[in-house]
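Below, each chain spelled out in residue letters.
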Amino acid sequence: MFSRPAFRAARAVRVAAPAFRAVRPITVSARKNEPAPEVVAATEVKHSSYSDGSVERSTIVVDQSAIDKSGPLSKATYQSLPPTMQKMSLMDKVVVVTGGARGLGYSMAQACAEAGAKALIILDANQQLGEDAVASLHALTGDTVPVAFYNVDVRDENAINESINALVKAYGVPDVLINSAGIADSNMPAETYDTKKWTRLIDINLTGSFLMAQAVGKHMIDAKKPGSIVFIASMSGGIVNYPQEQSCYNASKAGVIQLGKSLAAEWAKFNIRVNCISPGYMDTALNNVPALDAQKKIWKSLTPQNRLGAVDDLNGLAVLLASDASAFMTGSNVIIDGGYTLY
């Protein structure tokens, strides 16, 4: 989520890969006088966040055995795959992920690296989490994939354009954009909804998605380069959630879905595909707060699979939509919700 009210100029940060290869934890603390970060399972990344977007603590643990098992797809392995599996990879593709510093965005970014991405660029409004994410991705890929972070608030058109121009110069025109940046305001009755909060959420979720797609799309069009743009929408764009009240969030995600369809229709002539992923209730760190405990039980009970989505449950679909395996797929909105919307 992006919580900082002030826009920040784009700034690229490249974090060098760790010099070690043996098991060794890397810990990063963003606040003084906080408890020591906990050590978690190898390759796992955890962040505890405040409502203002700052970070309480973060932990990154890297294990060489994990690198060996989940490292990126190599050129040699790719060439040994049958044609169908090759199309499902992201070999030689430059991938940009917004909101990629944590949670679902980070998990999808990692999946893109594993699928053979030539370069991976993360855009996020949170400076420290972005730097942590890049360090983690460097370690998890054995420093075989160029990874960069640009500190960008998706509401800031100038910062977006500066960052996209800079990354195009450094890595080439992106082949893939995954628009994952977004926030959610729940339990907000419409009759008392603060209009400033309404504007902020729409600006991040909907306008930010458009500005990012526009900036990347222009470069794809100018370069006559085929591309895939993936919006992270929500099942909330087609249903009204229960029991929480969240009219603005629902409206923003409905807008994202229609934006995706509209761009797909406009840009098909440029061989640019635009699709949406609409997740159901996800069990992310941002949902792990006591205030949502009672509601999460209701969400789970209303989901046929009787569970919330895992953080990595979107990875396969994101890679599919980004890859050439979905070459004849554009304007689609794929719901991935454990069956919630069946009822």
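Where an unreviewed UniProt entry is consulted, the protein chain appears under the name NAD(P)-binding protein, with the organism given as Cadophora malorum. Looking at the Sequence similarities (unreviewed entry) heading of the UniProt record, one finds this comment for the protein chain: "Belongs to the short-chain dehydrogenases/reductases (SDR) family."

A.B. asks: Account for the overall build of the protein chain, naming residues and giving values.
C.D. replies: A tally of regular secondary structure across the protein chain gives 10 helices and 11 strands. Burial statistics for the protein chain: of 343 residues in total, 50% are counted as buried. Here the contacts in the protein chain between residues at least 6 apart in sequence split such that 75% fall between residues at least 24 apart. Summed over all atoms, the accessible surface of the protein chain reaches about 15300 Å², with 54% contributed by carbon and sulfur.

A.B. asks: Got a sec to walk through the pattern of salt bridges? Specific residues and values, please.
C.D. replies: Taken as a whole and assessed by the stated rule, the structure comprises six salt bridges. One salt bridge in this structure joins Lys 225 and Asp 175, with 3.3 Å as the shortest N-O distance. With a gap of 50 residues between them, Lys 225 in the loop between α7 (195-222) and β9 (227-232) and Asp 175 in the loop between α6 (157-171) and β8 (176-179) connect regions that are remote in the sequence.

A.B. asks: Let's hear about the pairing of strand β10 (residues 272-279): which residues, and what values?
C.D. replies: When you tally the buried positions in β10, you get eight out of eight residues, the bulk of the element. Pairing of β9 with β10 involves six bridges; the strand directions are parallel. Considered in β10, the bridge of Ile 229 is made with Val 274. As for the winding sense of the linkage, the β-α-β connection from β9 through helix α8 (residues 247-267) to β10 is right-handed.

A.B. asks: I'd like a description of the environment of Val 176, backed by residues and values.
C.D. replies: Within the element layout of this structure, Val 176 appears in strand β8. Considered as a pair, Val 176 and Arg 273 are 97 residues apart in the sequence and their alpha carbons are 9.6 Å apart. Ignoring anything within four residues of it in the chain, the contact list for Val 176 reads Lys 93, Val 94, Val 95, Val 96, Met 220, Ser 228 and Ala 322.

A.B. asks: Can you lay out the packing of helix α4 (residues 103-114) against helix α10 (residues 315-322) for me, pointing to particular residues and giving the numbers?
C.D. replies: As a packed pair, α4 and α10 sit with axes 9 Å apart at the nearest point and diverge in direction by 55°. It follows that α4 is oblique to α10 by the angle criterion. In this structure, the crossing between α4 and α10 has a hand that is right-handed. Contact residues: Ser 107, Met 108, Ala 111 and Cys 112 in α4; Asn 315, Ala 318 and Val 319 in α10. Considering only residue class, the contact of α4 with α10 consists of five nonpolar, two polar and no charged.

A.B. asks: Account for the layout of surface pockets, with residues named and values stated.
C.D. replies: Approximately 260 Å³ is the volume attributed to the second largest pocket. Lining of the second largest pocket is provided by 18 residues; of these, Pro 226, Gly 227, Asn 271, Arg 273 and Ala 327 occupy positions nearest its centre. Mapped by element, the contributors of at least two residues to the lining of the second largest pocket are β9 and β10. Of the residues assigned to the lining of the second largest pocket, the class counts are eight nonpolar, five polar and five charged.

A.B. asks: Pulling in residues and values, what's your account of the packing of aromatic side chains?
C.D. replies: Taken as a whole, this structure holds three aromatic pairs when the rule is applied. Considering the side-chain rings of Tyr 281 and Trp 299, the 4.1 Å spacing of their centres and the 0° angle between planes classify their relative orientation as stacked. Taken together, the residues span a long stretch of sequence, with Tyr 281 in the loop between β10 and α9 (293-301) and Trp 299 in helix α9 at a distance of 18 residues. Since its relative accessible area comes to 11%, Tyr 281 is described here as buried. Under the relative-accessibility criterion, Trp 299 is labelled buried at 4%. Within the aromatic cluster, the residues linked to one another by ring pairs are Tyr 281, Trp 299 and Tyr 340.

Basis of the calculations
- Residues numbered from 1 in each chain as written.
- Predicted model: local features only at pLDDT ≥ 70, side-chain atom pairs only at ≥ 80, totals over all residues.
- Heavy atoms only, no water.
- UniProt positions renumbered as here; feature names shortened; annotations may be inferred.
- Helix = DSSP H or I, 4+ residues; strand = E, 2+ residues; numbered from the N terminus.
- Buried < 20%, exposed > 50% of the residue type's maximum accessible area, 1.4 Å probe, protein only.
- Contact = heavy atoms within 4.5 Å.
- Areas by Shrake-Rupley, 256 points an atom, 1.4 Å probe, with all protein chains shown as cover.
- Salt bridge = Lys/Arg side-chain N within 4 Å of Asp/Glu carboxyl O.
- Pairing = 2+ DSSP bridges.
- Right-handed = clockwise from strand over helix to strand, strands pointing away.
- Axes fitted to C-alpha atoms, helices over the stretch in contact; angles between N-to-C directions.
- Parallel < 35°, antiparallel > 145°, perpendicular 65-115°, else oblique.
- Left-handed = near helix turned anticlockwise from the far one by under 90°.
- Nonpolar A, V, L, I, M, F, W, Y, C, P; charged D, E, K, R; others polar.
- 1 Å grid on protein atoms, 1.4 Å probe; cavity = no way out; pocket = protein on both sides within 12 Å on 5 of 7 lines; lining within 4 Å.
- Points joined across faces, edges and corners; volume = space filled by probe spheres on them.
- Phe/Tyr/Trp six-rings, centres within 6.5 Å; stacked < 30°, edge-to-face > 60°.

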